Protein chains: 2
Amino acid sequence: METFTVTVAEMPGKVYGQYREGEIMTTIKDIARISGYSIGTVSRVINNRADVSEEAREKISEIIRERGYQPNSNARKLKQVISSEVSIIVRGNKNVFFESILEEIQIIMRGYDENINVHFISETENEVATAVRTVSYIKPKGIIFLGGYIDNFRDEFSQINLPCVLVTTGAKDLGFENLSSFTTDYYDAGKYAVNKLLSYGHTRIGILGGYSADRSREHKNGKIIGAVEALDEKGITFDFDRDYEPCSYSAESGYEAAARLLGRSPDLTAVFAISDSIALGAIRALKDIGRRVPEDVSVIGFDGLTYAKYSIPRLATIRQDTATLAKKCVDDLLLRITYGGPAVHELIPYYEFIEGESVAPVRQ
Amino acid sequence: METFTVTVAEMPGKVYGQYREGEIMTTIKDIARISGYSIGTVSRVINNRADVSEEAREKISEIIRERGYQPNSNARKLKQVISSEVSIIVRGNKNVFFESILEEIQIIMRGYDENINVHFISETENEVATAVRTVSYIKPKGIIFLGGYIDNFRDEFSQINLPCVLVTTGAKDLGFENLSSFTTDYYDAGKYAVNKLLSYGHTRIGILGGYSADRSREHKNGKIIGAVEALDEKGITFDFDRDYEPCSYSAESGYEAAARLLGRSPDLTAVFAISDSIALGAIRALKDIGRRVPEDVSVIGFDGLTYAKYSIPRLATIRQDTATLAKKCVDDLLLRITYGGPAVHELIPYYEFIEGESVAPVRQ
DNA sequence: ACCGTTACCGTAAACGTTTCCATAGAATAA
DNA sequence: TTATTCTATGGAAACGTTTACGGTAACGGT
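The notes below deal with the structure included here. All of these numbers come straight from a predicted model, not from anything done at the bench.

### A look at the overall build of chain A
Then comes step 1: Looking only at helices and strands, chain A has 14 helices and 12 strands in total.
Then comes step 2: By the burial criterion, 56% of the 364 residues in chain A qualify as buried.
Then comes step 3: At a minimum sequence separation of 6, the contacts of chain A that also span at least 24 residues come to 70%.
Then comes step 4: Looking at chain A as shown, the accessible area adds up to about 15400 Å², and 51% of this sits on carbon and sulfur atoms.

Structure (structure tokens):
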């Protein structure tokens, strides 16, 4: 089960040098010697402990400052057994939504004086296993995983007994008591998106996105289930074979998928793309095959990232609240790191429609 | 998979806990005890040293495997004094070009089995100081700095005596013998961009970008100097007050700057934006103020990142060779880490024009 | 029988911290 | 006064490794 492939990069082997020539390493010992105090006292000053006289604190701090001393983080972490960091695993290569969340997390963590430690991995299962192994090697205090469905990684995640937060649906079902999850209510939001299109009179609606070839109602992607449900409620049966085209979360992929979809189903008057990148690629594809947006085909995106505001036409989209998502993740993780407590699974009900020029009433 | 440590601020402070409850930490000692060999031998097995019998190697490896033992990286790094990582500092919040280089670096490093360690900082001077401090705290083997001009950070960089690579111009002038630099020949490329516009008959050309309020010929931004030079050679004197508008590297900023520029100089028939993001924002702004691209105003961007291919209109731009840049950076750094040697400063002559729909001949 | 190799392995010091424990002295309580 | 607590500090062990050093056993050559 667990193979001994220590993360290649961190494997012994090339060690380029011990001390660099001419490098003078100031240690806590030096500070102690210079200040006349003991190592213990210096350490207490560094860590802002109480049991230090004002005089000693002043003097030692002064010396630390003027020598530009920085405690050796490795020695520290060694003593503290687990590192002082939170690890974040980002799965998916160019997923703008995750990047956006990541950015929010960075900002929040900065406020909390927390260190984060990010691992970018691609979507192969193999890499998830490696990432989990690496993380167990780093020994972080907790983990945030941005990366979609983890059903296939039960084993990997079961090995981790650290507080862990996922930004994905379906984590609850796994039943690990150390995994929390926060996600926008994709089912509702997807339904909402398609209802928007329906309200403009569209009935021939296509869907773009969601890797999976699984086209049943049990499709794992909440946005798509919601979208189909919205159609259902209007008495429209969604034809997966005809009006659905899977693609990954990129403009490139959206471009190609849209071309295929509209080639196959030229009578579609609207498209729901499950990410903004996909939508933008789709819009370009539509133009290239001679369909006007929104006159001939309406396009609605998902995510609501800033760059959609500057496209031509401006993209209509469903905005997720990345700030709230990030905040929830961080808060839950830190709380559970410090105080333990049960994992939670929360569906964030917040999302909103962003007006755009890419959606218009259906033509008669 | 590459490990990627984003350090927000690795200063002492909150330490959340020692051992996590119920966590059993397997150490080299355990492996030694179980296997019946000594710690030293186990370590030699882990490190693939020669002086170990095949029998011992087998047996110990087996035990390591079945216990899922991972050597503690902190203890290791402590012994090895300097970490096994290369630090990358990325300055600038949403700079797509740097992100692109970063991605290339990741790929190359993966091939080299190297660990990287990324610090994102914003553009304030303060953060540069912090980053440098943090980096000296991490003790990497070398540093790659993606972040524009560093003239204001002489002091910070003078403290670092590690191999260091910058992707910026002007590093040579600083005279630090541990700083290499690689950059596209911005002067030439800027000149080339404007020559393209000139070749389409444009003479009233505006320039967008380059934070600085410094509008002299000594302007630090090579692209702009080159652009102005190209005009000069045609006998056109560039009027900085009228036809130049500074902005940062984002669509938002480009949008606003373009609106200001065209508001002030409505007779411009072409705009050179020093990044694609800026260009895209500008195109949107132009549309909003009722100017058609390219019929009324041509726009040429810079960088040549993929997403320009999917905009409407497709963006004409000057592509930099990020792959080569990244390769040069990494190679130089690793070489100097291993063998020392002098720093180099290289201007990459490679750039190319990417056709697009945003540039057209000037209207009569 | 002796010596010199060689192959393998154990011991222990060291890396730079943190923290527990002990203690000296000061302050307080009796 | 003495006994007690408190404050500030030093000393030293420990964290999990790596590695220099030394030792043992086996073996071949003389």
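Don't stop here, the text continues.
### With respect to the protein's contact with DNA strand D
Then comes step 1: In the region of DNA strand D, 29 residues are neighbours, and Ser38 of chain A together with Ile28, Ser43, Arg49 and Tyr69 of chain B sit closest.
Then comes step 2: Put simply, 61% of the atoms of DNA strand D that lie within 4 Å of the protein are in sugar or phosphate.
Then comes step 3: Between DNA strand D and the protein, one listed contact pairs a phosphate oxygen with a backbone N or O atom of isoleucine 28 of chain B at 2.7 Å.
Then comes step 4: Within the side chain of serine 43 of chain B, a nitrogen or oxygen atom sits 2.6 Å from a phosphate oxygen of DNA strand D.
Then comes step 5: Only helix 2 (39–46) and helix 4 (73–80) of chain A together with helix 2 (39–46) and helix 4 (73–80) of chain B provide two or more residues apiece to the surface near DNA strand D.
Then comes step 6: Classifying every residue of the surface near DNA strand D by side-chain character gives 12 nonpolar, 10 polar and 7 charged.

### As for the nonpolar core
Then comes step 1: In terms of nonpolar packing, the biggest core is built from 74 residues, with Ile144, Leu146, Leu208, Phe272 and Val299 of chain A touching the most fellow members.
Then comes step 2: When sequence neighbours within four positions are dropped, the list of residues in contact with phenylalanine 272 of chain A reads Gly190, Ala193, Val194, Leu197, Gly206, Ile207, Leu208, Lys223, Ala227, Ile300, Gly301 and Phe302 of chain A.
Then comes step 3: In this structure, Ile224, Val228, Phe240 and Ala282 of chain B belong to the second largest nonpolar core, which totals 73 residues.

### Considering the side chain of histidine 202 of chain B
All names here are of chain B.
Then comes step 1: Mapping histidine 202 onto the fold places it in the loop between helix 9 (186–199) and strand 7 (205–208).
Then comes step 2: Here the side chain of histidine 202 touches threonine 269 through a polar contact of 2.7 Å, side chain to side chain.
Then comes step 3: Side chain to side chain, histidine 202 and serine 298 meet in a polar contact 3.1 Å long.
Then comes step 4: Once you skip the residues sitting within four places of it in the chain, histidine 202 turns out to touch Leu197, Thr269, Ala270, Ser298, Ala360, Pro361 and Val362.

### Details of the pairing of strand 1 (residues 85–91) of chain A
Each regular strand shows side chains that alternate between the opposite faces of the sheet.
All names here are of chain A.
Then comes step 1: Within strand 1, 7 of the 7 residues are buried, which leaves it mostly tucked inside the rest of the structure.
Then comes step 2: Across 5 bridges, strand 1 lies against strand 3 (residues 142–146) in parallel orientation. Paired with serine 87 across the strands is isoleucine 143, a residue of strand 3.

### Some words on helix 2 of chain A
Residues and elements named next belong to chain A.
Then comes step 1: Here helix 2 has its buried residues at Thr41, Val42, Val45 and Ile46. Down the axis of helix 2, the buried side of the element spans an arc of 140°, and every buried residue falls inside it.
Then comes step 2: Residues of helix 2 that are buried make contact with helix 1 (28–35), helix 3 (54–67) and helix 4.
Then comes step 3: Where helix 2 ends, the next residue or the one after it, asparagine 48, has phi of about 55°, a positive value.

### Here we look at the protein's contact with DNA strand C
Then comes step 1: Around DNA strand C lies a shell of 30 residues, among which Ile28, Ser43, Arg49 and Tyr69 of chain A together with Ser38 of chain B are the nearest.
Then comes step 2: Protein-adjacent atoms of DNA strand C, using a 4 Å cutoff, are sugar or phosphate at a proportion of 61%.
Then comes step 3: Interatomic distance of 2.7 Å between a backbone N/O atom of isoleucine 28 of chain A and a phosphate oxygen of DNA strand C.
Then comes step 4: Between arginine 44 of chain B and DNA strand C, the recorded distance is 2.8 Å, taken from a side-chain N or O atom to a base nitrogen.
Then comes step 5: Where the surface near DNA strand C is concerned, the elements lending two or more residues are helix 2 and helix 4 of chain A together with helix 2 and helix 4 of chain B.

### Things to note about the packing of aromatic side chains
Then comes step 1: Evaluation of the coordinates by the stated rule reveals 16 aromatic pairs over all chains.
Then comes step 2: Aromatic side chains tyrosine 255 of chain A and tyrosine 310 of chain B sit 5.5 Å apart centroid to centroid with 65° between the ring planes, which places their arrangement in the edge-to-face category. Pair noted here: tyrosine 255 of chain A is in helix 12 (residues 251–264) and tyrosine 310 of chain B is in the loop between strand 10 (298–303) and strand 11 (316–320), and the two residues belong to different chains.
Then comes step 3: On the numbers, 6.3 Å between centres and 55° between planes, the contact of phenylalanine 272 of chain B with phenylalanine 302 of chain B is tilted.

### Thoughts on the packing of helix 9 (residues 186–199) of chain A against helix 10 (residues 222–233) of chain A
What describes two packed helices is the angle between their axes and the distance between those same axes.
Residues and elements named next belong to chain A.
Then comes step 1: Viewed as axis vectors pointing N to C, helix 9 and helix 10 meet at an angle of 45°, and their least axial separation amounts to 6 Å. Viewed along their axes, helix 9 and helix 10 adopt a mutual orientation that is oblique. Two packed elements cross with a definite hand, and for helix 9 against helix 10 that hand is right-handed. Residues Tyr186, Tyr187, Gly190, Lys191, Val194, Asn195 and Leu198 of helix 9 form the contact with helix 10, whose participating residues are Gly222, Lys223, Ile225, Gly226, Ala227, Glu229, Ala230, Leu231 and Glu233.
Then comes step 2: Within the contact of helix 9 with helix 10, the residues separate by chemical class into 8 nonpolar, 4 polar and 4 charged.

### Some points on the sheet that holds strand 6 (residues 205–208) of chain A
Backbone hydrogen bonds are what pair the strands of a sheet, in a parallel or an antiparallel way.
Residue and element names in this part refer to chain A.
Then comes step 1: Taken together, 6 strands build an open sheet; the order of strands is 7-6-8-9-10-12 and the sheet is mixed. Here the strands that pair on one side only, and so sit at the sheet edges, are strand 7 (244–245) and strand 12 (351–354).
Then comes step 2: Judged from the 3 bridges that link them, strand 8 (residues 270–273) and strand 9 (residues 298–303) form a sheet pairing that is parallel. Its bridge partner lying in strand 9, valine 271 is registered against valine 299.
Then comes step 3: Strands in contact with helix 9 are strand 6, strand 8, strand 9, strand 10 (316–320) and strand 12; relative to strand 9, the strand with the most contacts, it is inclined by about 160°.
Then comes step 4: Those strands touched by helix 10 are strand 6, strand 7, strand 8 and strand 9, and its axis lies near 175° from that of strand 6.

### A short note on the sheet that holds strand 7 of chain B
Residue and element names in this part refer to chain B.
Then comes step 1: The strand order across the open sheet formed by 6 strands is 8-7-9-10-11-13, and the pairing between neighbours is mixed. Where the open sheet ends on each side, the last strands, each with one partner, are strand 8 (244–245) and strand 13 (351–354).
Then comes step 2: Across the sheet, helix 9 lies against strand 7, strand 9 (270–273), strand 10, strand 11 and strand 13, angled at about 160° from strand 10, the strand it touches most.
Then comes step 3: Running at roughly 175° to strand 7, helix 10 (residues 222–233) makes contact with strand 7, strand 8, strand 9 and strand 10 of the sheet.

### Structural notes on the pattern of salt bridges
Then comes step 1: Counted under the stated rule, the structure contains 40 salt bridges over all chains.
Then comes step 2: The partner of arginine 260 of chain A in a salt bridge is glutamate 245 of chain A, and the shortest N-O contact between them spans 2.6 Å. Of this pair, arginine 260 of chain A sits in helix 12 while glutamate 245 of chain A sits in strand 7, placing them 15 residues apart in sequence.
Then comes step 3: Across the pair arginine 204 of chain B and aspartate 267 of chain B runs a salt bridge, and its minimum N-O distance is 2.7 Å. Taken together, the positions of arginine 204 of chain B in the loop between helix 9 and strand 7 and aspartate 267 of chain B in the loop between helix 12 (251–264) and strand 9 put the pair 63 residues apart, joining distant regions of the chain.
Then comes step 4: In this structure arginine 204 of chain B comes out as partly exposed when scored by relative accessible area, which is 24%.

### Details of the side chain of serine 250 of chain A
Residue and element names in this part refer to chain A.
Then comes step 1: Along the chain, serine 250 turns up in the loop between strand 7 and helix 12.
Then comes step 2: Polar contacts involving the side chain of serine 250 include one to the main-chain amide nitrogen of serine 253, which spans 3.1 Å.
Then comes step 3: The residues touching serine 250, leaving out its near neighbours within four places in the chain, are Ser277 and Ile278.

### Points about the packing of helix 12 of chain A against helix 13 (residues 276–288) of chain A
All names here are of chain A.
Then comes step 1: It is the contact of helix 12 with helix 13, at a shortest axis distance of 7 Å, that shows an interaxial angle of 50°. On the basis of their axis angle, the class for helix 12 and helix 13 is oblique. Judged by the sense of rotation from one axis to the other, the crossing of helix 12 with helix 13 is right-handed. Across from Ala251, Gly254, Tyr255, Ala258, Ala259 and Leu262 in helix 12, the residues of helix 13 making contact are Ser277, Ile278, Gly281, Ala282, Arg284, Ala285, Leu286 and Asp288.
Then comes step 2: Residues that form the contact of helix 12 with helix 13 fall into these classes: 9 nonpolar, 3 polar and 2 charged.

### Here's the deal with the state of the cysteines
Residue and element names in this part refer to chain B.
Then comes step 1: Taken as a whole, this structure holds 0 disulfides over all chains when the rule is applied.
Then comes step 2: Here cysteine 164 stays free of any disulfide, with the sulfur of cysteine 329 as its closest cysteine sulfur at 10 Å.
Then comes step 3: According to the relative accessible area criterion, cysteine 164 is buried, its value standing at 0%.

Criteria and cut-off values
- Residues numbered from 1 in each chain as written.
- Chains lettered and ligands numbered in written order.
- Predicted model: local features only at pLDDT ≥ 70, side-chain atom pairs only at ≥ 80, totals over all residues.
- Heavy atoms only, no water.
- Helix = DSSP H or I, 4+ residues; strand = E, 2+ residues; numbered from the N terminus.
- Buried < 20%, exposed > 50% of the residue type's maximum accessible area, 1.4 Å probe, protein only.
- Contact = heavy atoms within 4.5 Å.
- Areas by Shrake-Rupley, 256 points an atom, 1.4 Å probe, with all protein chains shown as cover.
- Near = heavy atom within 4 Å.
- Polar contact = N/O pair within 3.5 Å; in protein donor to acceptor, adjacent residues only side chain to side chain.
- Nonpolar A, V, L, I, M, F, W, Y, C, P; charged D, E, K, R; others polar.
- Core = buried A, V, L, I, M, F, W, Y, C linked by side-chain atoms within 4.5 Å.
- Pairing = 2+ DSSP bridges.
- Arc of directions from axis to C-beta.
- Phe/Tyr/Trp six-rings, centres within 6.5 Å; stacked < 30°, edge-to-face > 60°.
- Axes fitted to C-alpha atoms, helices over the stretch in contact; angles between N-to-C directions.
- Parallel < 35°, antiparallel > 145°, perpendicular 65-115°, else oblique.
- Left-handed = near helix turned anticlockwise from the far one by under 90°.
- Salt bridge = Lys/Arg side-chain N within 4 Å of Asp/Glu carboxyl O.
- Disulfide = S-S within 2.5 Å.

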